[in-house]
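So you can see what is in the structure, the chains are spelled out below.
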Amino acid sequence: MTVLSLTIFLPLLAAALLVVPRLPARWIWVTAAVADLVLVVAMWLGYGGGIGYEERLRWIPSVGAGYHVGVDGLSLPLIALAAVLFLACAIYSQKQEERPKSYAALFLFLQTVSTGLFAALDLLLFFVFFDLSIVGMYFVIVGWGHGDRARSALTFFLYTFLGSLALLLGFIGLYLGGEPRTFDIVELTAAPPQAGALVLLAVGVGLAVKTPTVPFHTWLPPAHTDAPAAGSAILAGILLKMGTYGFVRIAMPLLPGPWRQYAWVIIVVGVVSILYGALVALAQQNIKRLIAYTSVNHMGYIVLALGAAGLAAGDVPARQLAVTGAITQMVSHGLITGALFLLTGILWDRAHSYDLQRFGGIAATARTFTLMTAVAAFASLGLPGLSGFIAEFQIFAGVIGTGLTGAVVAGGLSIAGILITAALLLRVLQQAFLGPPGELRVLEARPYEVGSIAPLLALSLVIGIVPRWLLDLIEPFSAALVTWVSR
């Protein structure tokens, strides 16, 4: 077993230990998460370019499917993000009293599934992990959520499972169009399948539901609102990235012709998601629902960038910059929105409410909590010095830098999304934290809450100030992707 396979399955092995009576679930969870992060750091330090830590095992040879995993400049940052965010959730959940063993086991299962998906280099293996993530998150929401959690969990499952069926049809189309027929992503990238617009539509719909983009986003707000805080953090920080990751790993390199042909459609979807997500978030009084809609907005930036990367007539360096910005945005959004959802968990723990109108003057009673919320909010709206700015600047510079009139217009419209996001997040800070005392009182963040959230914000700050260590990893892959999609 390679270090990558150990990284993938270590959390699942730890979950299996939880069946032993009297073992402390919380400490097993934290220990496994720490060990997994150490393995990821070791892989990062030892990565030498190309596909690293590759492993191939026979699985279903009759259809050309195998256990094929590896990492590159796309997958390694997301695997690292998963390791960091799952550790943060493990620390945050130290006081989880309701069925702690089952709760920890589900998150450990989700960590294996998430890491496995980001490492998968086989379409069927990708699909297995993709579907298992739906099952794991369904049980997290229905088992430990609040409000109308059963309905929200069912809506989440039906939407995303339907999307996965469309994705499976698309994968079958890629298999049938390949020569030779195989599900191996590396082989299909080297010789793209003879597949057309219908296959791209199936793959695109399946991934768009998971991302989610407008109009496939309606499952997201209720799922976030009724999920436990750690569940929302993983759903937004990791599971949504499975959709955008699939666009970059599968749709673009395996369907370069259709992607170029419909690049403008993808750009329009991205712009609509940006503006719609920001405007609807502005109208929300439920803080958690507000943050959920900002995820639609931020995922739209990624879709916009990937659409611009498919513009055959656009400037090549600009298209590469847009891809680099999109991947950086995946990492940045995971850190920032993961922190924001954990922060809303503190509100629910103290006041059992997300109603913005019932809060006020939090800064007077919870200064550390206020400081963390302010940093997360400014990072989300793209303040220079934080990771959101690095990602969004590259996206806009790449999109506008293509030199095409339509791309310049799309970039200009999308910048309005930043202004709206700034307005809505500043409204939350002013009304709930800096205004007069509200109906509900919020006490200071506890040490384990600070210990789970502060490192996420610190990483956002590090990326915002010193991003070179991350960009050096991503940029070679971005250049390769633009070359693939230009064939």
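Nothing here was measured: the structure is a model prediction, and the numbers come from that model.

Thresholds, definitions, all that
- Residues numbered from 1 in each chain as written.
- Predicted model: local features only at pLDDT ≥ 70, side-chain atom pairs only at ≥ 80, totals over all residues.
- Heavy atoms only, no water.
- Helix = DSSP H or I, 4+ residues; strand = E, 2+ residues; numbered from the N terminus.
- Phe/Tyr/Trp six-rings, centres within 6.5 Å; stacked < 30°, edge-to-face > 60°.
- Buried < 20%, exposed > 50% of the residue type's maximum accessible area, 1.4 Å probe, protein only.
- UniProt positions renumbered as here; feature names shortened; annotations may be inferred.
- Pairing = 2+ DSSP bridges.
- Salt bridge = Lys/Arg side-chain N within 4 Å of Asp/Glu carboxyl O.
- Expected span 1.5 Å × (residues − 1).
- Contact = heavy atoms within 4.5 Å.
- Polar contact = N/O pair within 3.5 Å; in protein donor to acceptor, adjacent residues only side chain to side chain.
- 1 Å grid on protein atoms, 1.4 Å probe; cavity = no way out; pocket = protein on both sides within 12 Å on 5 of 7 lines; lining within 4 Å.
- Points joined across faces, edges and corners; volume = space filled by probe spheres on them.
- Nonpolar A, V, L, I, M, F, W, Y, C, P; charged D, E, K, R; others polar.

Remarks on unusual backbone geometry
- Backbone torsion omega between E179 and P180 reads 5°, so that peptide bond is classified as cis.
- With respect to the helices, strands and loops of the structure, P180 is situated in the loop between α6 (149-177) and α7 (185-190).
- Put simply, T211 and P212 share a cis peptide bond, and its omega is -15°.
- Within the element layout of this structure, P212 appears in the loop between α8 (197-210) and α9 (220-226).
- Even without glycine at this site, R99 takes up a positive phi of about 45°.

Thoughts on the packing of aromatic side chains
- What the rule picks out here adds up to 21 aromatic pairs.
- When the centroid spacing of 5.6 Å and the interplanar angle of 45° are considered together, the rings of W44 and W469 count as tilted. Linking W44 in helix α2 (residues 25-46) with W469 in helix α20 (residues 468-485), this pair joins segments that are 425 residues apart in sequence.
- For W44, a relative accessible area of 22% translates into the label partly exposed.

Considerations on the UniProt feature "domain: NADH:quinone oxidoreductase/Mrp antiporter transmembrane" (unreviewed entry) in the protein
- Residues annotated in UniProt with the feature "domain: NADH:quinone oxidoreductase/Mrp antiporter transmembrane" (unreviewed entry) correspond here to residues 120-412.
- For residues 120-412, the end-to-end C-alpha separation is 36 Å, with 78% helix and 0% strand making up the annotated structure.

Observations concerning the pairing of strand β2 (residues 65-71)
- Of all seven residues that make up β2, seven are buried, and the element is covered over most of its length.
- By the alternation rule, side chains of β2 split into A65, Y67, V69 and V71 and G66, H68 and G70, which are all buried.
- The sheet contact formed by strand β1 (residues 52-60) and β2 spans six bridges and is antiparallel. What sits directly across from R58, in β2, is G66.
- In this antiparallel pair of consecutive strands, β1 and β2, the connection spans four residues, and G64 shows a positive phi of 70°.

Considerations on the pattern of salt bridges
- Per the counting criterion, the structure on display carries 12 salt bridges.
- Note that E54 and R56 form a salt bridge whose closest N and O atoms lie 3.7 Å from each other.
- By relative accessible area, which is 35% here, E54 ends up partly exposed.
- Measuring nitrogen to oxygen at the nearest pair gives 2.8 Å for the salt bridge that ties R468 to D472. Pair noted here: R468 and D472 are both in helix α20, with a separation of four residues, about one helical turn.
- Classification of R468 as partly exposed rests on a relative accessible area of 40%.
- What makes D472 partly exposed here is its relative accessible area of 45%.
- When salt bridges with common partners are traced through the structure, they connect D349, R350, R446 and E449 into a single cluster.

Focus on helix α16 (residues 367-380)
- Here α16 is 14 residues long and its end C-alpha atoms lie 20 Å apart, about the 20 Å a rise of 1.5 Å per residue gives.
- Inspection of α16 places F369, T370, M372, T373, A374, A376, A377, A379 and S380 among the buried residues, and these make up the whole buried set.
- Buried residues along α16 sit in contact with α13 (287-309), α14 (316-351), α15 (362-365), α17 (387-401), α18 (405-434) and α19 (447-465).
- Just beyond α16, the residue with positive phi is G382, at close to 90°.

A short note on the environment of R56
- Mapped onto the secondary structure, R56 falls in strand β1.
- Taking C-alpha positions, R56 is 27 Å from F86, a pair spaced 30 residues apart along the chain.
- Once you skip the residues sitting within four places of it in the chain, R56 turns out to touch Y67, H68, D184 and E187.

Here's the deal with the side chain of H298
- Summarising the element assignment, H298 is placed in helix α13.
- Reaching out from H298, the side chain makes a polar contact with the backbone oxygen of T294 at a distance of 2.8 Å.
- Ignoring any residue separated from it by four or fewer positions in sequence, one finds H298 in contact with Q329, H333, S380, E392 and T421.

Some thoughts on the layout of surface pockets
- By volume, the largest pocket is sized at about 530 Å³.
- Around the largest pocket, the lining is made up of 22 residues, and of these Y92, Q96, G345, W348 and D349 lie nearest the centre.
- Residue classes in the lining of the largest pocket are distributed as nine nonpolar, seven polar and six charged.
- The volume enclosed by the second largest pocket comes to roughly 380 Å³.
- Along the walls of the second largest pocket sit 18 residues, with L201, G204, V265, I266 and V269 positioned nearest its centre.
- Considering each element in turn, the lining of the second largest pocket owes the most residues, seven residues, to α8.
- For the lining of the second largest pocket, the class distribution of residues is 16 nonpolar, two polar and no charged.

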